[in-house]
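Spelled out from the first residue to the last, the chains are:
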Amino acid sequence: MRRALRFALLPMLVSLAACGGGGSVTVVPPETLPDADVSAVAKSDPGSVLPATWKQGPFIEIYVRGYQDSDGDGIGDLKGLTQRLDYLKDLGVTGIWLMPVTQSQDNDHGYAVSDYRAIEKQYGSLADFDAFVAAAHARGIGVIIDYVMNHSAAQNPLFLNSSGAKDGARRDWYIWSSTKPSGWNIYGNDPWKSSSTGYYFAGFWDQMPDFNLRNASVLAYHHDSMRFWLNRGVDGFRFDAVGNLVENGPSAWEGQPENYVIMGDILSMLNGYQNRYMVCEAPIDPKGFSASSACGSAFAFGHNYDIVSAAKGSSSAVAAVANYFTGAPANMAAMVSNHDAFAGDRLWTQVNGNLPQYRLAVATYMLQPGVPFIYYGEEIGMANNNSLSGDWKLRTPMSWTADTTTAGFTTGKPFRAVSSNVSTNNVAAQLGDANSLLSFYKALISVRKAHPALAAGSYDNPQANGWTMSFTRSTASETALVAINYGSTASSVNFTGLPAGASVSVAWPASGVGGAVTSGGSFSTTVQPQSFVVYTIAK
């Protein structure tokens, strides 16, 4: 079902949305409406103060609403997030992905955008956003923001004008039919919704109508809106639902050829700015959308499930994990969970709090190729809230303290119940504890950043032997040797094809012992149960 689960409970939001009618579209004559800002935006690149390596990650995905409240209203905001930047710098992330911060109709998940050039009022102002970006840059951290071009909010003035009259100026900005098309089924639902002026296409929710991305004016508007943010210093975008941009019929509504072209044109535009990065959500074809002719980077959906299964002891998953990047784009984005239920529960919940398995899953996606993305709270083992359902259980306030009511997130009443394990898994409890998950993340990220082969090296000689996986990664300056034992007994690993006599240094664990490559070009080691080792060879 993939993305369908994200919106499985969204109809419940309709009663909370500003529009009435139980989810129906309110048609307002276009002449009574202000239009959206569709003015052209010329490129004005402010440059970049970040090192080129910032794009190697790791990134952290942050739900601003759930991260830190600065004013006691129970809702996270940009000022609160800015206050936590030193924590993020200490963690070691080089980039932040913000879930939607643009003005939205739903005022929660944010993917129903009502104004593409304004900040969600509950989060603050454009000035607050600019201050946050500047503060992140001062700490060497880049900022990418969610961009939603497949659909808008039904309350977006663009759609209100489109739906107001069949001959309106914005009519062709969305997808309309005078009669209801038949034979359509997307994620178990009919995407064609009724209004007084015809049937409009909305693949995810009737309050999120799809743009007509065959219309050059619509594409130009989105490019202008992206430049609006790039010109302010935003370092790039995470693009939502790129597999759903164009439909060619009831059996051809996902992964269509036009989608790759649309994203490739955006990548070309973005590459006209200095040191920017973009990544796409495309579960239908992660490797295809990671190509330089499309997004350049996409999340490795499918790989995340195998990583968790391998960590839990599936030998077939170990083999799948080992082989995933053979012939795959190296710049793919890796993760073990995110804000969507279809991507899996929070990692703590997936492994039922098993710490060795948790660490193995993290080590796998941090040490293999790709740009690692941490979901906020993952670094302390935040669990779902087991009293909530759907995506909401994944999007709880950040656990800063053990307070079971506020989690240190707010001085008021949180907008949503906190994580179920907040009393034990929180930042305050783990800071300064050398054996904590937080310390583990910091140490592993530090090792990854210290060794170019781990951050950006090739992926060579992947081997899977039962519950053990090994591979090498190389740059012009060094080779890294990595072995991960997911099993319950010690395992021997032999690396071959190495430079004879070369000195082998230990990168992980700190207590490990190095050695030397044999005259035959091999190096052997024993990997203890549910653990991993990393060695390096300087060239």
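The rules behind the values
- As a convention, each chain's residues are numbered from 1 in the sequence order in which they are written.
- pLDDT decides what is reported in this predicted model: residues at 70 or higher carry local features, side-chain atom pairs at 80 or more are listed and counted, and totals for whole chains, interfaces and linings draw on all residues regardless.
- Side-chain numbers here rest on the full set of heavy atoms in the structure, without hydrogens or water.
- What counts as a helix is a DSSP run of H or I of at least four residues, what counts as a strand is a run of E of at least two, and both are numbered from the N terminus.
- In what follows, residue pairs with any heavy atoms lying within 4.5 Å of each other are defined as contacts.
- Note on geometry: axes are lines fitted to C-alpha atoms, helical ones only across the stretch in contact, with angles between N-to-C directions running from 0 to 180 degrees.
- Take the far helix as your reference; a near helix turned counterclockwise from it by less than a right angle gives a left-handed crossing, and one turned clockwise gives a right-handed crossing.
- Basically, the charged four are Asp, Glu, Lys and Arg, the nonpolar ten are Ala, Val, Leu, Ile, Met, Phe, Trp, Tyr, Cys and Pro, and anything else, Gly included, counts as polar.
- UniProt positions are given in the numbering used here, feature names are shortened, and annotations may be inferred rather than shown by experiment.
- Here, a strand pair is defined by DSSP locating no fewer than two bridges between the strands.
- With a 1.4 Å probe rolled over the protein chains alone, any residue whose accessible area is under 20% of its type maximum counts as buried; one over 50% counts as exposed, and the rest are partly exposed.

Novice: Before we move on, can you summarise the environment of V504 with the specific residues and values?
Specialist: Mapped onto the fold, V504 is located in strand 17 (residues 503-508). Between the C-alpha atom of V504 and that of G487, which follows or precedes it by 17 residues, the distance is 25 Å. V504 has contacts with L481, G514, G515, A516, V517, F523, Y535, T536 and I537, leaving out every residue within four places of it along the chain.

Novice: Talk me through the packing of helix 5 (residues 216-230) against helix 6 (residues 257-270); I want residue IDs and the actual numbers.
Specialist: Two quantities define a packed helix pair, namely the angle between the helix axes and the distance between the axes. Two elements in contact, helix 5 and helix 6, have axes whose closest approach is 11 Å; the angle formed by their N-to-C orientations is 35 degrees. Between helix 5 and helix 6 lies a crossing whose hand is right-handed. Residues L219, H223, M226, R227 and L230 of helix 5 form the contact with helix 6, whose participating residues are I262, D265, I266, M269 and L270. In the contact of helix 5 with helix 6, the residues fall into seven nonpolar, one polar and two charged.

Novice: Describe the UniProt feature "domain: Glycosyl hydrolase family 13 catalytic" (unreviewed entry) in the chain, naming the residues involved and giving the relevant values.
Specialist: Mapped onto this numbering, the UniProt entry gives "domain: Glycosyl hydrolase family 13 catalytic" (unreviewed entry) at residues 61-416. Secondary structure across residues 61-416 comprises 29% helix and 13% strand; the distance between its end C-alpha atoms is 19 Å.

Novice: Help me get a handle on the sheet that holds strand 13 (residues 460-465), residues and values and all.
Specialist: With respect to topology, six strands assemble into an open sheet ordered 13-14-15-20-17-18, the strand pairing being antiparallel. Two strands close off the open sheet at either side, each with one partner strand: strand 13 and strand 18 (515-516). For strand 13 and strand 14 (residues 468-474), the ladder comprises four bridges, and the chain directions are antiparallel. Looking at strand 14, one finds that N465 is bridged to T468. In the packing of helix 9 (residues 315-323) onto the sheet, contacts are made with strand 13 and strand 14, and the angle to strand 13 comes to roughly 175 degrees.

Novice: Tell me about the pairing of strand 12 (residues 371-375), and name the residues and values.
Specialist: The element strand 12 is extensively covered by neighbouring structure, given that five of its five residues are classed as buried. Here strand 12 shows two buried faces, one formed by V371, F373 and Y375 and the other by P372 and I374. Pairing of strand 1 (residues 59-62) with strand 12, which is carried by three bridges, proceeds in the parallel orientation. Bridge assignment links I60 to a residue of strand 12, and that residue is I374. Pairing analysis gives two bridges linking strand 11 (residues 333-334) to strand 12, with the strands arranged parallel. Counted as the bridge partner of A333 is V371 from strand 12.

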